[in-house]
Each structure stands twice: as structure tokens, then as C-alpha cells.
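The chain contents come next:
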Amino acid sequence: MKLESNNELLQNAFEWAVNKTKQFVVTGQTGDVNRGDGGKWYGPDGIVLKKPTAQWAKPKAYKPSYWAGYYDRTAFYIRDFVHQAVGAHLVGLDKENFNMLYTFVSNANEKTGWFAPWAFNFDGSIYYMDTPNYNRFVREITAQFELVETVYKLYLWSGDERYINDEIIFGFITHIMTDFIDCLDGAVLPEKNGIPEGFGDIFKITATYNERGFHAVEAGDSIAALYQAIIAYANILKLRGNSDEAGKQFERAEALKDYFNNDWSVAQGSDKFAYAVDNHGRKHYEWLKKGCEIHGGASLVFIPLKKLAYQGERGNRLLDYIFEKEYDIKTREDNIESLTYLPDLFFANEQPERAWFWMKHIISQKELPHERASQGKNGDYPEISFTFISQVIEGLMGVTVNAATGEISVKPNLPKEISNICIKDFRVGNQLYNIEIGRNSTTINKT
């Protein structure tokens, strides 16, 4: 797959991103497991070793997989994986995508509260740093719903029927969309409203990806991810021949969207969107940064990213507010991982100039040191390269695919600086295409 464009920066950055992803593929290799922060090995029940002397720390043969998380941790993480998965498909990593997703969902069970464990070693074993035992392990509600959404996404992009028909995968989806929600709805607050609740930090169950803020009980990002998970669940049910239940789930999604926009997100005395509810039932709506703390962040970004907010004046103000806070270095999120969501956000809301602004910003930072020195450069964070690729194809070019039917749709989102893009040898199923878009024309040709 090769890209040509009038915009040299775009062309060079895309080539860099495609080549960079190869650095993170570990399929067929043998290497470290359970190595993490500080170059130490993290084992069960909180054991930490300076040398890999225990059996659980010795090198292992890696299964099909790629790095998805900090480059100084030998593991792949749910949050990173779901954001990298489309980019991974686009560079031919379908075998890796399926194995990684299956590893997550097949390890969710009643003992884990139906949470898919947060991180795995490349050999498919539990990454102990994040799961020292099942009494204390990282649990982020948002991620479980993103896994459900990713199952459907990967089916559309790959056409692999296993994403729809495999009973382990479908069993995970069903448990998440039923038992998982029922168990956590009303777990802290007295009202049951169909929204699962978190108890505290990441090791106690958190309702948000915003790990650097206060401990929200309900949060905008998990609700937004739930909304898209319901839609994905409905589509999967439909593909499995259960149209009646699929219809109920589509109605469920619309009811959640209505409740969120007209009730949950409305904060008394403000026209801003509430993004979190604390354990006292108080709503939070101001984006604040205090030192390393960030209040707002992912909790707000995911609301329009997942199209949970209604379009219109209020929704537009939210987009302006997010751009303003992320643009200002005094209030911007510190981890470059967080910024990789911004192009997706603005493309999803048909604001290509803002999306391209953030794509350029992220690429301009790739040679700078990451905020975690042991991680290396920003560009060594895998999400940077994988998401740049998907943002070019899904975002700038507006390509969507149903590989099972061979359908390709193109809805360009070109900013002023880009007048044409041509992607060559773009694979859909077993067929290669050249797709060329310009200001006033789009052509799709088989090769």
C-alpha cells in the first residue's frame, strides 16, 4: 500500500508510519515477558525481580501480535489495541488482530466479573504487572465496550466471519452487554439508569480512561463507548439472524443517546456538557488541569468522538471547547496518546481542518522524547504510527469498507492544504484497488 499526494508532509508521514509499524510486530519472535517499568520483571501477587530468574519471567515464544502500549512494557493493552486495530488491518496484520482480540475476550469469565484482562504478554499469558491476581487487577469500563465495538469494526474491514460467528467472541459480547452492565449499574449511586459505575482507581474498577483525574462513578467516555457498543451489538445480532433483538438494541441505543443529551449531561447553571458524576452524585463539567491532574480530557473527548452528542449548537460548542483546551498548552493533556484521538474526533464531526491540524502536530512531535523517558521518543509509542495510517484512510479519504460484501464507500474530508490523495494497492478481501480522490472527483479502480 502506497500513498501519493500533492502534500509532501502527508506523503512522507504516511510512508514513515507504514514503515514504523513493522518495528512493533513480534509474530514468531522469542523474547521477554512480564518486563515492565524500570526494566524489572513483574510477577504474580506483586513479586518484582531485577533479573528474569523465575519461570514466569523467562523468554517465551511469541504468538501473532504487535506492541500496543508503552514500548518499555512487553505487552499489548486493550485501550491501545482497539485504537490501533484498523491501522493494523490496513498494513496487513489481520492474523495478529484476531489473535489479540481473541486473547482478550477468551480470558473474560465470571471470576473476572466478565472484564477482559487489561494486558497480555506476547505469548498470550497474563501480563502480571497489570494483573497480579484477580482480587486486584486493572479494570476500565470504557475498554470493555470498545472491545465490543472493535469486534464489529474488524469484521467490516476484514470480512472474517469468525468475528461474528465464533461463540467465544459472541459469548463475551453478550455477557458485556447484559450481566456486566447489570452488575455495575447502581453499584455506587442509588439510581439504576443502565450505566455501569466505577468504584475508584484503575485497580478498583474505573468508569473512565481519564486516569489522571478524580475517580468518577459515571463518566462520559464509558457512556459514549457503551452507545457505540450497543450499535455494534445490534449489527452483530442482525448478521447472526436475530433481527427482532437487533431492533430492540437499536432502540436501546437511541434511548441512551436521548437520556444522555437531555438529562445526564445537563448540569444546573451551565450550558456545558457534564462529563462525570462523583460518588456524591455531583456533576462535573469544567475542563481543569492541576499539575499532572487533568479533569475532563478523555471523558469529554469521547462524547463527540463516539457521536453520542446530538449535532447542533450545543454539540458545536463542545467541539470548540475541546479544541480550545487541547490547543492551550496550559490545559492540554500531557500524554501524546491522548492527542491521537483528536483527529478521529474532528473527522467524525466533519471538521477536517482541525483534524489535519492535530495530525500535523502529532507527527511534528514524533522525534521528541516521550513524557516517560524509558518509553523513548514519541514516535516509539505504537499508537502514533498505527493511528496516523487509519486517520489518512478513514479520515482524510473517508473510506469505509464491508469486506464481506466487497462494498467500498468514499466520502473525502480534505483540508485546504491537501487537494489530492491516491492510495495504491489498497486491499479489500482478495482484491487490490487504487483509490484516488481530489477536490471534485473520486475514482476507484481494480488493479
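Scroll up to find the structure this text is about.
Residues numbered from 1 in each chain as written. Predicted model: local features only at pLDDT ≥ 70, side-chain atom pairs only at ≥ 80, totals over all residues. Heavy atoms only, no water.

Student: Break down the nonpolar core for me, citing the residues and quoting the values.
Tutor: Of all hydrophobic cores here, the largest spans 145 residues; its most connected members are Phe81, Phe145, Met177 and Phe426. Excluding residues within four positions of it along the chain, Met177 makes contact with Phe145, Val148, Leu226, Ala229, Ile230, Tyr233 and Arg252. (Core = buried A, V, L, I, M, F, W, Y, C linked by side-chain atoms within 4.5 Å. Buried < 20%, exposed > 50% of the residue type's maximum accessible area, 1.4 Å probe, protein only. Contact = heavy atoms within 4.5 Å.)

Student: Go over the environment of Ile230, please, and point to the residues and values.
Tutor: Relative to the assigned elements, Ile230 resides in helix H7 (residues 220-239). On a C-alpha basis, the gap between Ile230 and Gly438 in space is 35 Å, while along the polypeptide they are 208 residues apart. Those residues in contact with Ile230, other than ones at most four positions away along the chain, are Met177, Gln249, Arg252, Ala253 and Leu256. (Helix = DSSP H or I, 4+ residues; strand = E, 2+ residues; numbered from the N terminus.)

Student: So what's going on with the sheet that holds strand E9 (residues 218-219)? Which residues, and what values?
Tutor: Taking strand neighbours across the sheet as the criterion, the three strands line up as E9-E10-E11 in an open arrangement whose pairing is antiparallel. Every interior strand has two partners, whereas the edge strands, E9 and strand E11 (283-284), have only one. One ladder, built from two bridges, connects E9 with strand E10 (residues 276-277); its direction is antiparallel. Across the sheet, the residue bridging to Ala219 is Ala276, located in E10. (Pairing = 2+ DSSP bridges.)

Student: Before we move on, could you go through the pattern of salt bridges and cite the residues and values that matter?
Tutor: This model, assessed by the stated rule, comprises 22 salt bridges. Measuring nitrogen to oxygen at the nearest pair gives 2.6 Å for the salt bridge that ties Glu371 to Arg212. Highlighted residues: Glu371 in the loop between helix H13 (352-364) and helix H14 (382-396) and Arg212 in the loop between helix H6 (167-184) and E9, separated in sequence by 159 residues. Overall, Arg212 belongs to the partly exposed group, its relative accessible area being 31%. Among the salt bridges present, the one from Asp271 reaches Arg317, with a minimum N-O distance of 3.5 Å. Taken together, the residues span a long stretch of sequence, with Asp271 in the loop between helix H8 (243-264) and E10 and Arg317 in helix H10 (residues 313-327) at a distance of 46 residues. Residue classification places Arg317 among the partly exposed residues on the basis of a relative accessible area of 32%. Residues participating in the shared-partner salt-bridge network are Asp37, Asp72, Arg73 and Arg372. (Salt bridge = Lys/Arg side-chain N within 4 Å of Asp/Glu carboxyl O.)

Student: Account for the packing of aromatic side chains, with residues named and values stated.
Tutor: Evaluated as defined, the whole model comprises 33 aromatic pairs. Seen from their ring centres, Phe24 and Phe386 are 6.3 Å apart, and the 40 degrees between their planes marks the pair as tilted. Note that Phe24 is positioned in the loop between helix H1 (8-21) and strand E2 (30-31) and Phe386 in helix H14, a separation of 362 residues in sequence. We classify Phe24 as buried; its relative accessible area is 0%. Each residue in the set Phe24, Tyr62, Tyr66, Trp67, Tyr71, Phe76, Phe81, Phe104, Phe120, Phe122 and Phe386 is aromatic and connected to the rest through ring pairs, giving one cluster. (Phe/Tyr/Trp six-rings, centres within 6.5 Å; stacked < 30°, edge-to-face > 60°.)

This is a description of form; function is not addressed.
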